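Structure assessment
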Amino acid sequence: MSKHLKIYFSLLQEAIIPYIPTLITQLTQKLLAVSKNPSKPHFNHYMFEAICLSIRITCKANPAAVVNFEEALFLVFTEILQNDVQEFIPYVFQVMSLLLETHKNDIPSSYMALFPHLLQPVLWERTGNIPALVRLLQAFLERGSNTIASAAADKIPGLLGVFQKLIASKANDHQGFYLLNSIIEHMPPESVDQYRKQIFILLFQRLQNSKTTKFIKSFLVFINLYCIKYGALALQEIFDGIQPKMFGMVLEKIIIPEIQKVSGNVEKKICAVGITKLLTECPPMMDTEYTKLWTPLLQSLIGLFELPEDDTIPDEEHFIDIEDTPGYQTAFSQLAFAGKKEHDPVGQMVNNPKIHLAQSLHKLSTACPGRVPSMVSTSLNAECDTALNCIFLMG
């Protein structure tokens, strides 16, 4: 029934809006009934898909209708969570993410009451919960970062504790970075100031103890997002505050040789904008021992623009990482109609990163007459010099 209902919903779209309140009532009754004995996984999956599609269709036409869905669903969801129906909990979190992301203003109090419970370690011990929980916490951060900072500041260490647990896992470290990136992007800077140094220390410990290609790629996106959010000088200072000359080591050993491994258009754009800031808005790159890394860094950025992605993986990483999770574990099943839109955190700031580089280099050349052409002409290889000239023509 639910699979066919999902197909009807998908085909009819706005035509079924008048009937959705009745359908949702019936769906929630059915959901409550099957939660007592969730023995048909395909039926259950399509039932949640139908709920998500109902939300999308209705709220696209009338965003305020999200409140009606919350009123209909939250009592059933509460019962599922309280009775620990493991098969349904990842689905509940996905639907709640979709509902929360539909809100345009401050986060409703009903969600904030749930927030502390989402940080409980027992929820994160089940691998099937992790993607949905991370998505839900990201929705909290996107919609309610100021509320969290003012009314739930005591929960920030718990939020960071979740990040710490996730990045310790080779299987889930990317989820830890999703959460961390949302914290950096959305939380008021003063609310995380006291934790920033410890965050970097944890990341360096993981790099030292268990470096993987996946971790490196996520780390590169994070430090460039940090650079965009807090400034290039702040990134240099936090590195060198942990250990003298660490900024240079990170440039030389990680950013310059590994940036070609970054995949994904948004991820590459974040890295391009971040590296552009390091090149053009970080005074130590022009006037200290770090200056020798300026041209190699520019060359690596041009490579990110012009060369194919480096998708090589070391032989020792060709294995399946089995987490220490004894016993039965409910698998995560992604709901297609709860899918999250791709988010570009620099979209409003930079449209074309190549033009942004050209404009930023021009601004730097004006501030430091003669320096930039000299560094480029003496150190940049011929291919990169040609590519850079094309980029300047775009700007």
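Scoring rules and cut-offs
Within each chain, residues carry numbers counting from 1 in the order of the written sequence. pLDDT decides what is reported in this predicted model: residues at 70 or higher carry local features, side-chain atom pairs at 80 or more are listed and counted, and totals for whole chains, interfaces and linings draw on all residues regardless. As a rule here, side-chain values cover all heavy atoms of the structure and leave hydrogens and water aside. Patch definition: residues above 30% relative accessible area lacking any salt bridge, with like charges linked at up to 9 Å and the nonpolar side chains Val, Leu, Ile, Met, Phe, Trp and Tyr linked at up to 5 Å. The method behind every accessible area is Shrake-Rupley, applied with a 1.4 Å probe, and residues are considered shielded solely by the protein chains displayed. We define a salt bridge as a contact between a side-chain nitrogen of Lys or Arg and a carboxyl oxygen of Asp or Glu at a distance within 4 Å. Just so you know, the count uses Lys and Arg for positive and Asp and Glu for negative, and it drops His and the chain ends. By convention, charge coordinates are those of NZ in Lys, CZ in Arg, CG in Asp, or CD in Glu. Here a strand is any run of E in DSSP of at least two residues, a helix any run of H or I of at least four, and the numbering for each starts at the N terminus. Residue exposure (1.4 Å probe, protein chains only): buried if accessible area is under 20% of the type maximum, exposed if over 50%, otherwise partly exposed. Axis lines are fitted to C-alpha atoms, over the contacting stretch for helices. Their N-to-C directions set the angle, which ranges from 0 to 180 degrees. An angle below 35 degrees is read as roughly parallel, one above 145 as roughly antiparallel, one from 65 to 115 as roughly perpendicular, and any other as oblique. Handedness of each helix crossing follows the sense of rotation of the near helix against the far helix: counterclockwise by less than a right angle gives left-handed, clockwise gives right-handed. We call two residues contacting when some pair of their heavy atoms lies within 4.5 Å. Polar contact criterion, stated in full: a pair of N or O atoms within 3.5 Å, where within protein one must be able to donate a hydrogen and the other to accept it, and residues adjacent in sequence count only if both atoms are side-chain atoms. In this classification, Asp, Glu, Lys and Arg are treated as charged, Ala, Val, Leu, Ile, Met, Phe, Trp, Tyr, Cys and Pro as nonpolar, and every other residue, Gly included, as polar.

Per an unreviewed UniProt entry, the protein chain goes by the name Chromosome segregation 1 like and belongs to Pan paniscus.

Thoughts on a positive patch on the surface
Side chains of R56, K60, K104 and K341 sit close together on the surface and give a patch of like positive charge. For K104, the position within the fold is in the loop between α5 (89–102) and α6 (109–118). A relative accessible area of 64% places K104 in the exposed class.

Overview of the packing of α5 against helix α8 (residues 130–151)
Two packed helices can be described by the angle between their axes and the distance between those axes. At a minimum axis separation of 8 Å, α5 and α8 run at an interaxial angle of 20 degrees. On the basis of their axis angle, the class for α5 and α8 is roughly parallel. Pair α5 / α8 crosses with left-handed handedness. Contact with α5, carried on its side by P90, F93, Q94, M96, S97, L98, L100 and E101, involves A132, L133, R135, L136, A139, F140 and R143 of α8 and no other residues of that element.

A short note on the pattern of salt bridges
As enumerated under the stated definition, the model contains 15 salt bridges in all. One salt bridge in this structure joins E79 and K36, with 2.7 Å as the shortest N-O distance. Taken together, the residues span a long stretch of sequence, with E79 in helix α4 (residues 66–82) and K36 in the loop between α2 (20–34) and α3 (41–61) at a distance of 43 residues. A salt bridge links K354 to E306; the shortest N-O distance between them is 3.1 Å. Here E306 lies in helix α18 (residues 294–306) and K354 lies in helix α19 (residues 353–367), a separation of 48 residues in the sequence. Bridged by salt links that share partners, the residues D173, R206 and K214 form one connected network.

Points about the environment of D310
Its place among the elements puts D310 in the loop between α18 and α19. The partly exposed category is assigned to D310, whose relative accessible area is 24%. D310 sits 49 residues away from K261 along the chain, and the two C-alpha atoms are 4.7 Å apart. Once residues lying within four places of it in the same chain are set aside, the contact partners of D310 are Q260 and K261. Within the local environment of D310, its side chain forms a polar contact with the side chain of T312, the two groups lying 2.6 Å apart.

Describing the packing of α3 against α5
Two elements in contact, α3 and α5, have axes separated by 10 Å at closest approach and are oriented at 5 degrees. Here α3 lies roughly parallel to α5, going by the angle between them. Seen from α3, the contacting residues are H45, F48, I51, C52, I55, R56 and C59; seen from α5, they are Y91, V92, V95, L98, L99 and T102. In terms of residue class, the contact of α3 with α5 is built from 10 nonpolar, 2 polar and 1 charged.

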